[in-house]
Amino acid sequence: MSGQLKGSSFDALVVGGGIAGGEAALNLANNGFKVLLIEKELSIGGKMILLSKVFPTLDCAACITTPKVSEISRHANITIFTSSEVGKINKISENNFEATIIKKPRYVVVEDCTACQLCEKACPVNVRDQYQFDLVGRKAVFIPFSIASPKAAAIDIENCVLCGACEKACPTNCIDFTQETEELQINIKTVILATGFKLFDPLMIPRYGYGLYKNVITAMQMERELAPTRPFNTVLRPGDGKVPDKIAYVLCAGSRDASVGNPICSQICCMYSIKQSQLLMGALPMADVTIYYINIRSFGKGFEEFYQQAKGMGVNFVKGKIGKISEKENGNLMLRYEDINEGVVKETEHDMVILSVGVLPNQDAAKLFKADELKLDPYKFIYQAESLESPSRTSIDGVFVAGTASGPMDIPDSILSAGSASSEAISYLIQNK
Ligand SMILES: Cc1cc2nc3c(=O)[nH]c(=O)nc-3n(C[C@H](O)[C@H](O)[C@H](O)COP(=O)(O)OP(=O)(O)OC[C@H]3O[C@@H](n4cnc5c(N)ncnc54)[C@H](O)[C@@H]3O)c2cc1C
Ligand code: SF4
Ligand code: SF4
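Residues numbered from 1 in each chain as written. Chains lettered and ligands numbered in written order. Predicted model: local features only at pLDDT ≥ 70, side-chain atom pairs only at ≥ 80, totals over all residues.

Outline the overall build of the protein chain, listing residues and values.
The helix and strand inventory of the protein chain stands at eight helices and 23 strands. Taking 433 residues into account, the globule formula puts the C-alpha radius of gyration at 22 Å, and the protein chain, at 23 Å, falls close to it. The dimensions of the protein chain, computed from C-alpha atoms along their principal axes, are 65 × 60 × 35 Å. Each of the 433 residues in the protein chain was classed as buried or not, and the buried ones make up 46%. Sequence-distant contacts, at least 24 apart, represent 69% of the contacts inside the protein chain between residues at least 6 apart. (Helix = DSSP H or I, 4+ residues; strand = E, 2+ residues; numbered from the N terminus. Rg over C-alpha atoms; globule rule 2.2 N^0.38 Å. Buried ≥ 20, exposed ≤ 12 C-beta atoms within 10 Å, placed from the backbone. Contact = placed C-beta atoms within 7 Å.)

Could you give an account of the site of ligand 1, with specific residues and numbers?
As a structural note, the neighbourhood of ligand 1 is formed by 39 residues, with Gly-16, Gly-18, Gly-46, Gly-196 and Gly-403 the closest of them. Taken together, the elements giving at least two residues each to the shell around ligand 1 come down to helix 1 (19-30), strand 6 (84-93), strand 14 (197-199), helix 5 (219-226), helix 6 (269-283) and helix 8 (411-431). The residue makeup of the shell around ligand 1, split by class, is 19 nonpolar, 11 polar and nine charged. A domain split of the shell around ligand 1 shows at least three residues from each of domain 1 (12-103 + 181-196 + 362-431) and domain 3 (200-359). (Near = placed C-beta within 6 Å. Nonpolar A, V, L, I, M, F, W, Y, C, P; charged D, E, K, R; others polar. Domains from an automatic or database assignment.)

Now, about the domain arrangement of the protein chain: what can you tell me, with residues and values included?
Domain assignment breaks the protein chain into domain 1 (12-103 + 181-196 + 362-431), domain 2 (110-169) and domain 3 (200-359). With 13 residues of domain 1 at the contact, the number on the domain 3 side is 19 residues. When the residues that make up the side of domain 1 that touches domain 3 are grouped by side-chain class, the tally is nine nonpolar, two polar and two charged.

Could you give an account of unusual backbone geometry, with specific residues and numbers?
That bond from Phe-55 to Pro-56 is cis: its omega, -10 degrees, falls within 30 degrees of zero. Relative to the assigned elements, Pro-56 resides in the loop between strand 3 (53-54) and strand 4 (59-60). In this model, Ser-149 is joined to Pro-150 through a cis peptide bond whose omega is 5 degrees. Here Pro-150 is to be found in the loop between strand 10 (141-142) and strand 11 (154-155).

Tell me about the pairing of strand 19 (residues 333-339), residues and numbers included.
The pairing of strand 18 (residues 316-327) with strand 19 spans seven bridges and is antiparallel. Looking at the pairing, Lys-321 lines up with Glu-338 of strand 19. Direction of pairing for strand 19 relative to strand 20 (residues 344-350): antiparallel, over a ladder of seven bridges. Paired with Glu-338 across the strands is Val-345, a residue of strand 20. Adjacent in sequence and paired antiparallel, strand 19 and strand 20 are bridged by four residues, among which Gly-343 carries a positive phi angle near 70 degrees. (Pairing = 2+ DSSP bridges.)

Go over the pairing of strand 5 (residues 78-81), please, and point to the residues and values.
Covered by surrounding structure in strand 5 are Ile-78 and Ile-80 together with Thr-79 and Phe-81, the residues of both alternating faces. Pairing of strand 2 (residues 35-38) with strand 5 involves four bridges; the strand directions are parallel. When the bridges of strand 5 are listed, Val-35 appears paired with Ile-78.

How would you sum up the sheet that holds strand 17 (residues 288-293)? Please name residues and give values.
One open sheet holds the seven strands; their spatial order is 15-21-16-17-18-19-20, and the pairing between them is mixed. Strands at the two margins of the open sheet, each flanked by one partner only, are strand 15 (216-218) and strand 20. When strand polarity is set aside, the average angle formed by the axes of neighbouring strands in this sheet is 40 degrees. Relative to strand 21 (residues 352-357), strand 16 (residues 246-253) runs parallel, the two being bridged by five bridges. Bridge assignment links Tyr-249 to a residue of strand 21, and that residue is Ile-354. (Axes fitted to C-alpha atoms, helices over the stretch in contact; angles between N-to-C directions.)

I'd love a proper account of the nonpolar core, names of residues and values included.
Judged by nonpolar contacts, the single largest core of 123 residues is most densely connected at Val-35 and Ile-192. Filtering out sequence-adjacent residues up to four positions away, Ile-192 remains in contact with Ala-12, Val-14, Gly-21, Ala-24, Phe-400, Ala-402, Ala-421, Ser-422 and Ala-425. (Core = buried A, V, L, I, M, F, W, Y, C linked by C-beta atoms within 7 Å.)

Before we move on, could you go through the environment of Phe-177 and cite the residues and values that matter?
Its location among the elements puts Phe-177 in the loop between helix 4 (165-169) and strand 12 (182-188). Since 14 C-beta atoms lie within 10 Å of it, Phe-177 is described here as partly exposed. Each C-alpha atom of the pair Phe-177 and Val-235 lies 38 Å from the other, and the pair is 58 residues apart in sequence.

Explain the site of ligand 2 residue by residue, including any values.
Around ligand 2, 13 residues are found, and the nearest of them are Cys-123, Val-141, Cys-160, Cys-163 and Cys-166. Broken down by class, the residue content of the shell around ligand 2 amounts to 12 nonpolar, one polar and no charged.

An account of the environment of Ile-92 is requested, with residue identities and associated values reported.
Note on placement: Ile-92 falls in strand 6. Between the C-alpha atom of Ile-92 and that of Lys-189, which follows or precedes it by 97 residues, the distance is 10.0 Å. Here Ile-92 is in contact with Phe-97 and Glu-98, once residues within four sequence places are set aside.

Following this line, the structure appears as structure tokens:
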């Protein structure tokens, strides 16, 4: 279905193809409604498809996401456009919205691409791979990652030198440089916003040395190092390829910190750090892992037990606020911190530091509507107009929010929220028939 517009009228427009958008689209489609799912990246699956395992069960994230993504992409009632965005959405009346869809060229005919990767081998251009969070390189023509959906090549035209080597190497002649941006007008009866979250940019806290010291990485980068579709075959520090043996986590990096404009708790960082620490103990049994925290927020079902399990495995938990990170000549890192229990300033050495970066709002959704029509909350997440009675309702009747577009939450809560948004959308469709 993806890549073809089967008529210009759909029941629902779902913006964002992460786990929340995908789940909402599936629920609507399984109830007989026609859905157009718009994803700005080259693959659906959002951040979840790039994770290693999930807390607190340590189930493989890809093993859960892949069948779901495949069900979404094969569903007869779902049309998917990747590399696409929504221009504007106008509410004409109840059950009647008009939207502009901007479909960007991929320069590859997806239906004909066999994902053979011969084009990648032929391409002379090397750039950073955004799907591996810059840990490794990729070519200007590339398949986003091995479990991407659709699994097809795409050309990053900004870095392409137009040498034509990929075109010559392609056995199915599916590279097409004549593709252009298309604008499509569609009518829909309801909208679900599932635009997800942004990760806090650690460059905002220069004293942590991210971007300056190569062995200071983010938890999303460590997530890639631990994932089945990982860039290296082991966990290593990017500075020199050494396997680390004294690893530190810095919790609340960019969360609960008004000085960087993000006073709220990101809700997931404590648990994903505890998860990664357990995975690291498995991957590198001789390594020491220390988690520096302000408070451990293990509030969900099974979370406290998961925390205690990490302690039992030998993960060190230090109640301490990191003041500054500096680098030694050998690439190791000195962490200066306040030991909160003892009330003294200490310094310790680690050979790799992982910043547990927080969740920030993605403000894309507000730009889709007339000024101030879609209200945001004080933290710039989508405002939940009836947060207690009907949490997926927004300030516009007929427009619903799913997943982390309304605030930080983990995967099970994102799926629950998508269930709420899709059932509210179905009620709206039936009531206003
Ligand atoms: C390091 C890390 C580890 C984690 N580990 C776990 C874990 O173990 N267990 C757990 O439960 N949770 C975990 N999480 C949290 C989990 O990633 C989120 O709960 C989940 O991804 C939220 O899904 P979502 O669909 O709301 O958002 P996202 O995953 O952010 O998906 C949003 C989608 O919308 C697309 N989009 C955005 N804007 C637009 C636009 N304008 N037009 C079209 N498309 C758009 C994006 O490209 C993306 O595909 C982790 C998070 C991080 C950062
Ligand atoms: S035309 Fe562009 S994408 Fe194709 S091989 Fe040359 S540089 Fe790479
Ligand atoms: S674009 Fe052609 S060469 Fe590249 S993966 Fe697809 S079929 Fe293979």
